[in-house]
Amino acid sequence: MKIMLAGGAGYIGTHTAIALIEAGHEVFVVDNFSNSCREAVRRVEKITGSEVRLYEADCCDYMSVRMIMSKEKPDSVVQMAGYKAVGESVAKPISYYRNNLDSTLTILEVMAECGVKSIVFSSSATVYGEDNPVPYTEDMPRGRCSNPYGWTKSMIEQILEDAAAADPSLSVVLLRYFNPVGAHESGLIGEDPQGIPNNLMPYITQVAVGRRDKLTVFGGDYDTPDGTCRRDYIHVMDLADGHARAVDYAAAHKGSAIFNLGTGIPYSVLDMVNAFSDACGHPLNYVIGDRRAGDLQDCWADAEKAGRILGWKATRGIAEMCRDSWNWQRNNPKGYADSEEDSDEEDDEE
Ligand code: WQD
């Protein structure tokens, strides 16, 4: 099949492009590079030996999306174009609602116009909100989200389910990501956040490579065995394989379906720190600090449904997650800014 990857130049998108190409699909990317770069897609081409056509366009721009989709006529869209920084979403809610909802609505309108009948959406475990008990199952109701980013995911899920209910020829798959970490084993692509990382793993790798002084562990007094929060970390290549399964599922099933993409295994922040120290061969400098506002103590998946229906299961463990994150960061201490074209970019130090 021919797949349009909206927002496909980013961390999840580039890894997903590899999984889709390896599964035999043709992929093209639409991205406005608001939090990504061309070099990442060039490296996907290097890894796969396949051409990946790249359109620089904002998915909120109806005319651009229509021009691209009517020219390419994809069989399916994977929609990952969106802002994703939780803290920033609290400071700039209107921008988050505008961008994340608008990009999806625009894509849906153009899909209807061009006769594209299948969409896979990058959702998040954050839609389970604050009240559901772990492990999360897909049949639990969407909960109260603690930030606008989470609400955009929750609202878009609702929009897509309504669209599928109204059009019996439409296929919608909602993928609820848990905590993606790791990188492609080549070390050529990986997570490259702008500025100070919000998420745990890129913060850890930047401490390990000497870009940051120390990690602050957000809270050591939770009701968990070591006092730190527990999450369901999933290797990004496992997550990418989940998209390949989801695209096949959408091609064969009308209506909407939800799948958790997690391992079902919780690890604490200190578990991750220790596993990463093993992977990089030296202790990681960290301190225990205050809790971070909005953090849940526990968040992990029941991954049974994706196994049963998609035939998908995460296969890479915590050691591989840390090894591959480290391999990427060690080979690219400044991320893609290390590459020739982007070498004049500033590194944003604390
Ligand atoms: C993981 C754990 C922190 C940084 C968020 C979004 C979610 C998804 C992924 C993405 C927590 C702790 C972190 C640090 C720390 N969205 N931590 N020190 O909060 O589980 O999920 O990112 O696009 O929707 O909510 O991920 O990586 O920020 O945190 O101790 O410097 O690491 O408290 O327990 P989170 P995270």
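Placed above this text is the structure.
Predicted model, so just to flag it, every value in this text is computed and none were measured.

Caption draft 1: Highlighting the overall build of the protein chain. Along its length, the protein chain carries eleven helices and 14 strands. Here the C-alpha coordinates of the protein chain stretch approximately 55 × 50 × 40 Å along the principal axes. Taken across its 350 residues, the protein chain has 54% of its residues classed as buried. Accessible area for the protein chain stands at about 14700 Å²; split by element, carbon and sulfur atoms hold 48% of it. With 33 positive and 54 negative side-chain charges, the protein chain shows a spacing of 3 Å between the two charge centroids.

Caption draft 2: Layout of the pattern of salt bridges. One pass over the structure, following the stated rule, counts 25 salt bridges. We note a salt bridge from R42 to E39, for which the minimum N-O separation is 3.2 Å. Residue R42 and its partner E39 are located together in helix α2 (residues 38-48), separated by three residues, close to a single helical turn. What makes R42 partly exposed here is its relative accessible area of 36%.

Caption draft 3: Focus on the sheet that holds strand β14 (residues 298-299). Strand order in the open sheet formed by three strands is β12-β9-β14, with mixed pairing between adjacent strands. Either end of the sheet is taken by a strand with one partner, and the two such strands are β12 (267-268) and β14. Sheet analysis places strand β9 (residues 230-231) next to β14, joined by two bridges and oriented parallel. Each residue of the ladder has a partner; that of R230, found in β14, is D298.

Thresholds, definitions, all that
Residues numbered from 1 in each chain as written. Predicted model: local features only at pLDDT ≥ 70, side-chain atom pairs only at ≥ 80, totals over all residues. Heavy atoms only, no water. Helix = DSSP H or I, 4+ residues; strand = E, 2+ residues; numbered from the N terminus. Buried < 20%, exposed > 50% of the residue type's maximum accessible area, 1.4 Å probe, protein only. Areas by Shrake-Rupley, 256 points an atom, 1.4 Å probe, with all protein chains shown as cover. Lys, Arg positive; Asp, Glu negative; His and termini not counted. Charge placed at Lys NZ, Arg CZ, Asp CG, Glu CD. Salt bridge = Lys/Arg side-chain N within 4 Å of Asp/Glu carboxyl O. Pairing = 2+ DSSP bridges.

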